[in-house]
Amino acid sequence: MSEMDDLAAFAVLMEAGSFTLAAQQLGCSKGQLSKRISLLESRFCVVLLQRTTRRLSLTAAGAALLPQAQALLVQVERARQALARLKDDISGPVRMTVPVSLGETFFEGLLTEFARTYPNVQIELELYNGYRDLTRDGFDLAIRSDAAIDERLVARPLLAWHEMTCASPAYLDQYGEPQTPQALAEHRCLLNSHYSGREEWLYHQQHELLRVRVSGPFASNHYSLLKKAALADAGIARLPSYLLQEELADGRLRWVLREYQTRRMPMYLVHPYQGGLPKRTQVLADYLIDWFKRSGEALDRLQR
């Protein structure tokens, strides 16, 4: 324990009037408390207390030190109350970093639903596909798909997404709808240049892994651009399920090869490990978890 801790213990002891009551308040044993007072006396080279079986009385040195110890206790309590008010205050900035295409999906909701409910929370949303050290870079929240989450972070599951093979009705009317993954070799495919193996698409069916070589007129490392290309009738794309709710619902894109599965990827909302999130950060985290739950349920209905 530090000298300041021992001074606070001295103030608590004198307020309680006995080692038994003070030890209970401090969460320690009578022997530990007695040792702390003795260490304090050793540091100052004075005797602070006259101890009898019935009562405690202050020496002149103890009487001189007690007001300072009590003032320290008051300052600690004021600091605790100030932090508690800050934690419960639903206002102030929240910094969040998320993958580019994912952030675009809930961006509108942040500006409408969330902002109406919590108008005094200022969100700084960084769209970035790389890794950020949240503590070092000063971020409160992040969304990650890493299989192994940093042990310094708390991770809460958001959803498990998968890539859906899709194309516009106009493209399928012109070139036909592929019935098997192998048929994709004859189609104009839109490739994700973020992946080194972009020209090999993998599918699963009944525990069988199928590898298909594909090619096409356009590649991009940005899912949203690939979606725009598919909407423009440029070809067949593999896009994250979380990006397709509106386009599948209104028929602008059609899901093909539905009976063939692609890899499912978990997505997590993460934040640095700490005793408790500030209220402004907690309400944003709760909003995102609810938003993804509602979006996932809506997408599940479309896939049935």
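All figures in this text were calculated on a predicted structure; none of them were measured in a lab.

With that out of the way, let us pick up the confidence of the model for the protein. Put simply, the protein has an average pLDDT of 86, and 94% of its residues get 70 or more. Mean pLDDT per element in the protein: helix 4 (residues 60–88) is the minimum at 75, and helix 7 (residues 169–175) is the maximum at 97.

This part takes up the nonpolar core. Counting 38 residues, the largest nonpolar core has M96, F106, L110, I143, L244, L284 and L288 as the members making the most contacts within it. Looking at this core, the elements with two or more residues in it are strand 3 (92–98), helix 5 (100–117), strand 5 (141–144), strand 6 (153–167), helix 8 (223–231), strand 11 (236–240), strand 13 (264–272) and helix 10 (279–303). Tallying contributions element by element places helix 10 first for this core, with eight residues. Shared between two domains, this core takes at least three residues from each, and those domains are domain 2 (92–155 + 266–302) and domain 3 (161–264). In this structure F106 touches M96, V98, L125, I143, L288, W291 and F292, once residues within four positions along its chain are discounted. Ranked by size, the runner-up nonpolar core spans 22 residues in total, among them A11, I37, L48 and L49.

Along its sequence, the protein is carved into domain 1 (3–86), domain 2 (92–155 + 266–302) and domain 3 (161–264). A separation of 44 Å is found between the C-alpha centroids of domain 1 and domain 2.

Further remarks concern unusual backbone geometry. The general pattern is negative phi for most residues beyond glycine and trans for most peptide bonds. Even without being glycine, C45 reaches a positive phi, approximately 55°. Structurally, the position occupied by C45 is in the loop between helix 3 (30–44) and strand 1 (49–51). Residue C45 is classed as exposed on the basis of its relative accessible area, which comes to 71%. Even without glycine at this site, D233 takes up a positive phi of about 70°. With respect to the helices, strands and loops of the structure, D233 is situated in the loop between helix 8 and strand 11. Judged by its relative accessible area of 36%, D233 is partly exposed.

Basis of the calculations
- Residues numbered from 1 in each chain as written.
- Predicted model: local features only at pLDDT ≥ 70, side-chain atom pairs only at ≥ 80, totals over all residues.
- Heavy atoms only, no water.
- pLDDT = per-residue confidence, 0-100.
- Helix = DSSP H or I, 4+ residues; strand = E, 2+ residues; numbered from the N terminus.
- Core = buried A, V, L, I, M, F, W, Y, C linked by side-chain atoms within 4.5 Å.
- Buried < 20%, exposed > 50% of the residue type's maximum accessible area, 1.4 Å probe, protein only.
- Domains from an automatic or database assignment.
- Contact = heavy atoms within 4.5 Å.

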